[in-house]
Amino acid sequence: MSGRGALIVVEGIDRSGKTTQCAKLVSALLSQGHKVEVMKFPDRTTETGKMIDAYLQRDQTLDDHVVHLLFSANRWEQCSNMLENLHKGVSLIVDRYAYSGAAYTSAKQGFTLDWCKNPDKGLPDPDLVLFLNLSSKEAESRGGYGEEIYEKVEFQKKVHNNFLQLKSKQWKVIDASQSEENVHREMLNNVNSVIENVKGQQIGKLWL
Ligand code: 2DT
């Protein structure tokens, strides 16, 4: 049966394995014959993405509110493209989404989760959020964080707590400390059933 594609988001703190798992998921789905595309936020190639990249690499100082709104704008830029693909029956595997937006900014002083969620309200609502759950300590032990602005264990700990506050009914929490293959299998099982189930369903609006 044809129908719309599923919007699948993969979330987690830095080093939880998102990018590796997204790639494995896409190749497994393609070999099963599904139409699928992978996306990543921030998309560092657009104008907003270049500003975000400069900020993350500490080449440019920006007000924290501005950074937050840039991350959100970077998603809205892709909104019509995402809807078009979903309606064409293409499933999207998205490496980070608005949950990262809210979880990271609200780990900064003076930001509430509620304020952080606002600019992303109305984006396409994911059919499934796979949260790769790993403590900040375990993540750090995977070879240490890099040089970017958020890559500090104390900050990641706050981000992890914030993510858990954003859990909703579409979330599946995956134990990311398992072997790469076990994480993959668990993710693929969840994705396969969601792709089948959403075919006749409308696309919702996030946080509305
Ligand atoms: P990557 O290491 O995955 O490229 O992410 N971030 C991401 C935010 O602060 N807000 C957002 O909306 C998104 C999508 C997480 C780069 C960093 O950007 C953070 C890590």
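The rules behind these values
- Residues numbered from 1 in each chain as written.
- Predicted model: local features only at pLDDT ≥ 70, side-chain atom pairs only at ≥ 80, totals over all residues.
- UniProt positions renumbered as here; feature names shortened; annotations may be inferred.
- Helix = DSSP H or I, 4+ residues; strand = E, 2+ residues; numbered from the N terminus.
- Axes fitted to C-alpha atoms, helices over the stretch in contact; angles between N-to-C directions.
- Parallel < 35°, antiparallel > 145°, perpendicular 65-115°, else oblique.
- Contact = placed C-beta atoms within 7 Å.
- Nonpolar A, V, L, I, M, F, W, Y, C, P; charged D, E, K, R; others polar.
- Core = buried A, V, L, I, M, F, W, Y, C linked by C-beta atoms within 7 Å.
- Buried ≥ 20, exposed ≤ 12 C-beta atoms within 10 Å, placed from the backbone.

Per the UniProt record, "domain: Thymidylate kinase-like" (unreviewed entry) is annotated on residues 10-186. The span residues 10-186 shows a helical share of 48% and a strand share of 13%, and its end C-alpha atoms are spaced 13 Å apart.

Okay, the packing of helix α3 (residues 64-76) against helix α5 (residues 98-105) next. Relative orientation of the contacting elements α3 and α5 amounts to 175°, with a least axis distance of 10 Å. When the axis of α3 is compared with that of α5, the two are roughly antiparallel. On the side of α3, the interface is formed by D64, H68, F71, S72 and R75, while α5 contributes A98, G101 and T105. Per-class residue counts for the contact of α3 with α5 are two nonpolar, four polar and two charged.

A few words on the nonpolar core. Counting residues in hydrophobic clusters, the biggest one holds 41 residues, and the most contacted among them are I8, I93, V94, Y99, A103 and L130. Only β1 (7-11), α1 (18-31), β3 (91-95), α5, β4 (128-133), α8 (153-165) and α9 (180-197) provide two or more residues apiece to this core. Non-local contacts of V94, meaning those with residues more than four positions away in its chain, are made with L7, I8, V9, V10, M39 and F41.

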